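Residue-level structure breakdown
Listed here are the chains, written in short residue letters.
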Amino acid sequence: MALTSTQTGYAELNAALERARNQPNTSPSISDEQLVALQARWTRALSARLDQAIEFAGPRPLLAMVAEASRQHSTDQVTLRWVLDEAESRCPALAAAMGTELRYLALAAGLAGLDDPTEDAIRVGRDYRARIRSEAPLSPDTSAAA
């Protein structure tokens, strides 16, 4: 069986997402370890989308291309995004793990550089993510795949 970096199995994570998808109006019962593993899954997939956005941006502004890639990923993975967002404020380990995602957003959009302090890049990424989301709010949808 393939395992994530936190040794939580993919089948276990898929089952947790399926439970959340089937009960969209309740807070999912997912362990901190599972949340961190789900965040790692999210960030890996987002990273691939950001790479693609950068590669194919052409003359289009990076800010717009990265925002579009982020919105599309959130749309495609609405249950996973909802689970992570719902748990962010109550799970310090998840909030810390989200730093990588936020830094990636800032770097990909050209809002931060590799030499910038990590905490600064995370702060900039958090602000950018808020701007991205304000234009396309998402909520869990039982018809969407995670």
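Before reading on, note that the structure itself is shown above.
Residues numbered from 1 in each chain as written. Predicted model: local features only at pLDDT ≥ 70, side-chain atom pairs only at ≥ 80, totals over all residues. Heavy atoms only, no water.

Considering helix 3 (residues 62–76)
Worth spelling out the cut-off: Per the convention used, a helix needs a DSSP run of H or I reaching at least four residues, while a strand needs a run of E reaching at least two, with both numbered from the N terminus. What a helix is expected to span follows from its residue count: subtract one and scale by 1.5 Å. Only protein chains enter the area calculation, which uses a 1.4 Å probe; residues under 20% of their type maximum are buried, those over 50% are exposed, and those in between are partly exposed. In this analysis, two residues are considered to be in contact whenever any of their non-hydrogen atoms come within 4.5 Å of each other.
Between its terminal C-alpha atoms helix 3 stretches 21 Å, which fits the 21 Å expected from 15 residues at 1.5 Å a residue. Regarding helix 3, the residues found buried are M65, V66, A67, A69, S70, H73 and S74. Close packing links the buried residues of helix 3 with helix 2 (32–55), helix 4 (78–88), helix 5 (92–108) and helix 6 (118–135).

A few points about the environment of L94
One can find L94 in helix 5. Considering only alpha carbons, one finds L94 and E33, 61 residues apart in sequence, at a separation of 8.6 Å. Contacts of L94, omitting those with residues within four sequence positions, involve L35, V36, Q39, L84, A87 and E88.

Details of the packing of aromatic side chains
Two descriptors summarise a pair of aromatic rings, namely the distance from one centre to the other and the angle between the planes of the rings. For clarity, the threshold we go by: Stacked, tilted and edge-to-face are the three classes applied to pairs of Phe, Tyr and Trp rings, where Trp contributes its six-membered ring and a pair requires centres within 6.5 Å; stacked means planes under 30 degrees apart, edge-to-face means over 60, and tilted covers the rest. In this analysis the charged atom, NZ for Lys or CZ for Arg, is taken to sit over a ring once it is within 6 Å of the ring centre and within 35 degrees of the ring normal.
Scanning all chains against the criterion turns up 0 aromatic pairs. Positioned above the aromatic ring of W42, the side-chain terminus of R81 is 4.5 Å from the ring centre.

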